[in-house]
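# Close look at the chain arrangement
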Amino acid sequence: MTLFGPYPARCDAVHDGDTMTLSIDLGFDHLISGLDFDGRTRLACRIFGINAPELSTDAGKTALAYALTLIKPGDRCSVVSHGWDKYGGRFDGTVTLADGSDFAKRMLDALQAVVYP
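Residues numbered from 1 in each chain as written. Predicted model: local features only at pLDDT ≥ 70, side-chain atom pairs only at ≥ 80, totals over all residues. Heavy atoms only, no water.

### Examining the nonpolar core
Generally speaking, soluble globular proteins have nonpolar side chains that are buried together. Ranked by internal contacts, the top residues of the largest apolar core, which has 24 residues, are Leu-22, Val-95 and Phe-103. Looking at this core, the elements that each hand over two or more residues are β1 (4–16), β2 (19–24), β3 (41–47), α1 (58–70), β5 (76–84), β6 (91–97) and α2 (103–109). If one sorts the elements of this core by residue count, α1 sits on top with four residues. Not counting residues within four places of it along the chain, the set of residues in contact with Phe-103 comprises Gly-17, Met-20, Ile-47, Ile-50, Ala-67, Leu-70, Ile-71, Val-95 and Leu-97. (Core = buried A, V, L, I, M, F, W, Y, C linked by side-chain atoms within 4.5 Å. Buried < 20%, exposed > 50% of the residue type's maximum accessible area, 1.4 Å probe, protein only. Helix = DSSP H or I, 4+ residues; strand = E, 2+ residues; numbered from the N terminus. Contact = heavy atoms within 4.5 Å.)

Structural data, given as structure tokens:
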């Protein structure tokens, strides 16, 4: 599997325990179409290697609340892309938090997600 990155990024939204929207600095000029105002491309990221409970459940709401203790909209992070997920429209990514820790590992350690093959 080909990996891309790491790229500097900013969290724009945390959707649930294993999905967030990131503005990613790919190093392109802000004049290229499809990029937002600060030269970053905004993409939905499915966190590689984990599966959190569905948001429609109490466990899913708890996982989201915990995820928001790790990263909030506006926080800086970095991301490595593993390519598009199997559904398309978002990519599988490894997110490294500003403190250097791995988001997926933190979710697993807190029992807010399980390993996803």
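From this point, things continue past the structure.
### A look at the pairing of β3
When β2 meets β3, the two strands line up antiparallel, connected through six bridges. Residue pairing across strands places Ile-24 opposite Thr-41, the latter belonging to β3. Bridge analysis of β3 against β6 gives three bridges, and the strand direction is parallel. Of the residues in β6, the one forming a bridge with Ile-47 is Gly-93. (Pairing = 2+ DSSP bridges.)

### Some details on the pattern of salt bridges
On inspection of all chains with the given rule, the structure shows six salt bridges. The salt bridge partner of Asp-99 is Arg-106, with a shortest N-O separation of 3.4 Å. We classify Arg-106 as partly exposed; its relative accessible area is 28%. Connected through shared salt-bridge partners, Arg-10, Asp-12 and Arg-42 make up one network. (Salt bridge = Lys/Arg side-chain N within 4 Å of Asp/Glu carboxyl O.)

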